[in-house]
Amino acid sequence: MPYIKRNSNGSIDSLGLSLSDEHPEYIAATDYELIDFLSFNNEAELSMHALAESDRDIARVTEDLIHLLISKNLILFTELPPAVQQKILGREKLRSSISGDIDNFLIDDESL
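Since this is a predicted model, take the numbers as computed values, not measurements.

Rules used in this analysis
Residues numbered from 1 in each chain as written. Predicted model: local features only at pLDDT ≥ 70, side-chain atom pairs only at ≥ 80, totals over all residues. Heavy atoms only, no water. Pairing = 2+ DSSP bridges. Helix = DSSP H or I, 4+ residues; strand = E, 2+ residues; numbered from the N terminus. Expected span 1.5 Å × (residues − 1). Buried < 20%, exposed > 50% of the residue type's maximum accessible area, 1.4 Å probe, protein only. Arc of directions from axis to C-beta. Phe/Tyr/Trp six-rings, centres within 6.5 Å; stacked < 30°, edge-to-face > 60°. Salt bridge = Lys/Arg side-chain N within 4 Å of Asp/Glu carboxyl O.

Caption draft 1: Molecular detail of the sheet that holds strand 2 (residues 12–16). The strand order 2-1-3 describes an open sheet built from three strands, whose pairing is antiparallel. A single partner strand is all that each edge strand has here, and the edge strands are strand 2 and strand 3 (25–26). Of the pairings in the sheet, the one linking strand 1 (residues 3–6) to strand 2 comprises four bridges and is antiparallel in character. If you follow R6 over to strand 2, its bridge partner there is I12.

See below:
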């Protein structure tokens, strides 16, 4: 994840990949200010970081879409391929361990 240090003008002065005293501020890889800063350095690396962040965002959107379709009874969780079911359940387990909420994709009359 990109972290930055700003100069006295408020512009990005340097970039790091982890939070530290040297780089105390997180910035999204797709932030235009970061893109401008890196455009003088390595555009390919910036594009890869932006794409990776976009992939994470799309993954979450896909999960939310699947959850919505299931909650509206448009699809059953068990209709998804087993590998997809396992990945979704794994992510839900991780998310619930962080937040304490349990998000169950299964409808009451469904089982694995």
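Moving on, there is more to tell.
Caption draft 2: Representation of helix 3 (residues 82–99). With 18 residues, helix 3 should cover 26 Å at 1.5 Å per step; its first-to-last C-alpha distance of 25 Å lies within 8% of that length. For helix 3, the set of buried residues is Q85, I88, E92 and S96. Along the axis of helix 3, the buried residues cluster in a sector spanning 70°; they form a single face. Turned more than 90 degrees away from the buried face of helix 3 sit A83, Q86, K87, K93, L94, S97 and I98, all of them exposed. Immediately beyond the C-terminal end of helix 3, within one or two residues, lies G100, with a positive phi of roughly 85°.

Caption draft 3: How the structure looks around the packing of aromatic side chains. Tallied over the entire structure, the rule returns one aromatic pair. Aromatic pair Y3 and Y26: ring centres 5.6 Å apart, planes at 70°, arrangement edge-to-face. In this pair, Y3 is assigned in strand 1 and Y26 in strand 3, connecting sequence segments 23 residues apart. Accessibility expressed as a relative area gives 14% for Y3, which makes it buried.

Caption draft 4: Inspection of the pattern of salt bridges at higher detail. Summed over all chains, the structure comprises seven salt bridges. The shortest N-O distance in the salt bridge between R95 and E63 comes to 2.9 Å. Of the two residues, R95 is situated in helix 3 and E63 in helix 2 (residues 43–71); the sequence distance between them amounts to 32 residues. What makes R95 partly exposed here is its relative accessible area of 23%. By relative accessible area, which is 7% here, E63 ends up buried. One continuous salt-bridge network, built from bridges that share partners, spans E63, R91, E92 and R95.

Caption draft 5: Quick look at the pairing of strand 1. Counted along the chain from strand 1 to the antiparallel partner strand 2, the turn is five residues long, and its residue G10 has a positive phi close to 90°. As paired strands, strand 1 and strand 3 are joined by two bridges and run antiparallel to one another. Of the residues in strand 3, the one forming a bridge with Y3 is Y26.

These figures come from the coordinates and say nothing about function on their own.
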